[in-house]
Amino acid sequence: MTLRLAVRHDRSTSASADERIGIHPRMLTGIGAQPRQQARVNHRGTTALFTLIPDDDTEEDDTIRITEGGCRRLGAEPGQTVILDPRCIATAMTEEEAEKEGELIERLEDDGRHHRLVVLAPHGGAIETRTDQQAEQVVSSLGSRDSTLWACKGWRPVGNAYRAWHISSSDLSVHSFPLLRSLSARRFQWALSFHGYRGNDVLIGGLAPARRKSDVRDAIAKALDGSGICVRLAEPGERHSGESPSNLVNRLTIDAAGGIQIEQSRAARTVHGRAIAAAVSEVYDTWIATDNCR
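Residues numbered from 1 in each chain as written. Predicted model: local features only at pLDDT ≥ 70, side-chain atom pairs only at ≥ 80, totals over all residues. Heavy atoms only, no water.

### Focus on the overall build of the protein
As a reminder, the rule being used: Only DSSP runs of H or I covering at least 4 residues are called helices, and only runs of E covering at least 2 are called strands; the numbering of each starts at the N terminus. Each radius of gyration reported is based on C-alpha atoms, and the globular scaling rule is 2.2 Å times the count of residues to the power 0.38. We call a residue buried when its accessible area falls under 20% of the maximum for its residue type, exposed when it is over 50%, and partly exposed in between, using a 1.4 Å probe and counting protein chains only. Any two residues having at least one pair of non-hydrogen atoms within 4.5 Å are treated as being in contact. To be clear on the numbers: accessible area is Shrake-Rupley with a 1.4 Å probe, and residue cover counts the displayed protein chains and nothing else. Under the convention used here, Asp and Glu are negative, Lys and Arg are positive, and both His and the chain ends fall outside the count. Throughout, a charge is located at the NZ atom of Lys, the CZ atom of Arg, the CG atom of Asp or the CD atom of Glu.
Scanning the protein from N- to C-terminus turns up 10 helices and 13 strands. Rg of the C-alpha trace for the protein: 19 Å, near the compact-globule value of 19 Å for 294 residues, within the 12% margin. For the protein, the spread of C-alpha atoms along the principal axes amounts to about 60 × 40 × 40 Å. Across the 294 residues that make up the protein, the buried fraction comes to 52%. Considering only contacts in the protein between residues 6 or more positions apart, those separated by 24 or more positions represent 79%. Carbon and sulfur atoms make up 46% of the accessible area of the protein, which amounts to about 13500 Å² in all. Computed over 37 positive and 40 negative side-chain charges, the separation of the two mean positions in the protein equals 1 Å.

Right, here's the structure in full:
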């Protein structure tokens, strides 16, 4: 579907503002999409993923409103035309094919029954490097009877995979990811999400109880002892704190109260990623064993 770009002057300081586009509700209905669903936007061969925000102020049905930062993601200018594609992921590709083609895929390992722990890597592949491998390591260690894996992985042959495919965890729609949607009716006791960010520390966030987050912090701090990397609990209201109830790691837990989000510097996840995953696995293994004894 061909549409024109109009600049949306967004006063929000949220980092996710450049990942959203305003679209008239009639157009949203016409393409069969849900509000806040993700869709691809393509401009002259450059593709980026955006969240569709209903926007009654959009003057014409064939226009979408986008921030200047969003335009830069596409290498586009206001007034130029783009192609909107409601398809989010490449469903039929293997991981090897997706990496070669610079595509976005999702992966699920789940027995379809248990309600114990779901481990997430929403920005795997080259989006936030090594985070999907950490999630896979935890699930491999704990086993499929007590843990489920969902990972979204994206690459780009030329350019920046983060710029192309990153969507905030609070915006991720189950309507855009079929495998994720298959989990959405279940609620898990715990959820764990691996992320990367541009800071220097390892931040432990989410809406899980403070004592749970402290257990994870202490285990990672021990694993990183001598590395010079600070491991700390995210402050309330701090960016990357993962405390929004709409954050996927909280959304998938009972009463949105079992999510733990781990934000990691590049050095932490690339040099010490396996050690961090092993330390976290031990924590959850202990929790699972204790819970089974009750």
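### Looking at the sheet that holds strand β12 (residues 231-233)
Where we set the bar: Only when DSSP finds a minimum of two bridges between them are two strands counted as paired. To obtain each axis, a line is fitted to C-alpha atoms, and for helices this fit is confined to the stretch in contact; angles are then taken between N-to-C directions over 0 to 180 degrees.
The strand order β7-β9-β8-β10-β13-β11-β12 describes an open sheet built from seven strands, whose pairing is mixed. Sheet topology places β7 (104-109) and β12 at the edges, where each strand pairs with a single neighbour. With direction set aside, neighbouring strand axes in the sheet form an average angle of 15°. Pairing between strand β11 (residues 202-205) and β12: three bridges, direction parallel. Considered in β12, the bridge of Ile204 is made with Leu233. Across the sheet, helix α4 (residues 131-142) is in contact with β7, β8 (117-125), β9 (147-154), β10 (190-196) and β13 (259-264); its angle to β8 comes to roughly 155°. Across the sheet, helix α7 (residues 210-223) touches β10, β11, β12 and β13, and the angle it forms with β12 is around 170°.

Nothing here speaks to function; it is all geometry.
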